[in-house]
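Fold and geometry: a report
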Amino acid sequence: YAAQPYMERQDDINRKMRAILVDWMVEVHSRFKLQTTTLWLSVNILDRYLMNVNVVRARLQLVGISAMLIACKYEEMQPPEVQDCVVITDSAYEREELLEMERNILVSLNYDIMVPTGWTFLVRYLNAINASEPTRHLASYYAERNLQEIDSLMQPPHHVAAAAIYAANVQQSQNMHFFP
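What you are looking at is a predicted structure, and each value in this text was computed from that prediction instead of being measured.

Calculation notes
Residues numbered from 1 in each chain as written. Predicted model: local features only at pLDDT ≥ 70, side-chain atom pairs only at ≥ 80, totals over all residues. Heavy atoms only, no water. Helix = DSSP H or I, 4+ residues; strand = E, 2+ residues; numbered from the N terminus. Polar contact = N/O pair within 3.5 Å; in protein donor to acceptor, adjacent residues only side chain to side chain. Buried < 20%, exposed > 50% of the residue type's maximum accessible area, 1.4 Å probe, protein only. Contact = heavy atoms within 4.5 Å. Salt bridge = Lys/Arg side-chain N within 4 Å of Asp/Glu carboxyl O. Disulfide = S-S within 2.5 Å.

Bringing the environment of R48 into the picture now. One can find R48 in helix α2 (residues 36–52). R48 sits 44 residues away from Q4 along the chain, and the two C-alpha atoms are 7.7 Å apart. A distance of 2.6 Å separates the side chain of R48 from the side chain of N44, its partner in a polar contact.

The structure is reproduced here in structure tokens:
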């Protein structure tokens, strides 16, 4: 299931903190050279957990890296080791804390990990319309940019994907007028 807006239920974190965390998760994703599906699933797990559980700001990064570790174990052929995840947080947390948070997230989500994300729909739609490479890249950029925006949770993931493709197509058609 898709995450729904939840920030009004959080006492100690806010939308800016979430945006910073997601930006950091994008950096970790890049540093570990992970699949795009892993990033999208990580953010989905993060948001679904934050919908259910009040988190203090000192533990927000722990939730983010734990969500990423769960997604890696599901999506990656060779997920990073737990110790790599500890190191990437500048050892702000112990190995045991990360494993405990991973367990807490899994229990909170009833082990329901795999859900269709915006990326799932984006790839399917781009393939259905046989999109050009520039349109694919631009749509991916628009969609990934929305990962940081908590307001994007107000729309179902298939709408976010469709909107990204629409925006990319509009941009591509405008560029064609300027560059024949």
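This part takes up the side chain of T89. You can see T89 is positioned in the loop between α4 (82–88) and α5 (95–108). Assessed through its relative accessible area of 5%, T89 is described here as buried. With residues near it in sequence (within four places) discarded, T89 still touches W24, Q61 and I65.

On inspection of all chains with the given rule, the structure shows eight salt bridges. Where R57 meets D12, a salt bridge forms, and the shortest distance between an N and an O atom there is 3.4 Å. Here R57, found in the loop between α2 and α3 (60–75), pairs with D12, found in the segment before α1 (15–31); they are 45 residues apart in sequence, far enough to count as distant. Taking the shortest distance from any N to any O, the salt bridge between E133 and R136 comes out at 3.9 Å. Taken together, the residues span about one helical turn, with E133 and R136 both in helix α7 (residues 133–145) at a distance of three residues. By relative accessible area, E133 is classed as partly exposed at 47%.

This structure, assessed with the given rule, holds zero disulfides. With no disulfide partner, C72 has as its closest neighbouring cysteine sulfur the one in C85, 6.5 Å distant. Look at C72 and you get buried, because its relative accessible area is 0%. Using a relative accessible area of 2% as the deciding quantity, one classes C85 as buried.

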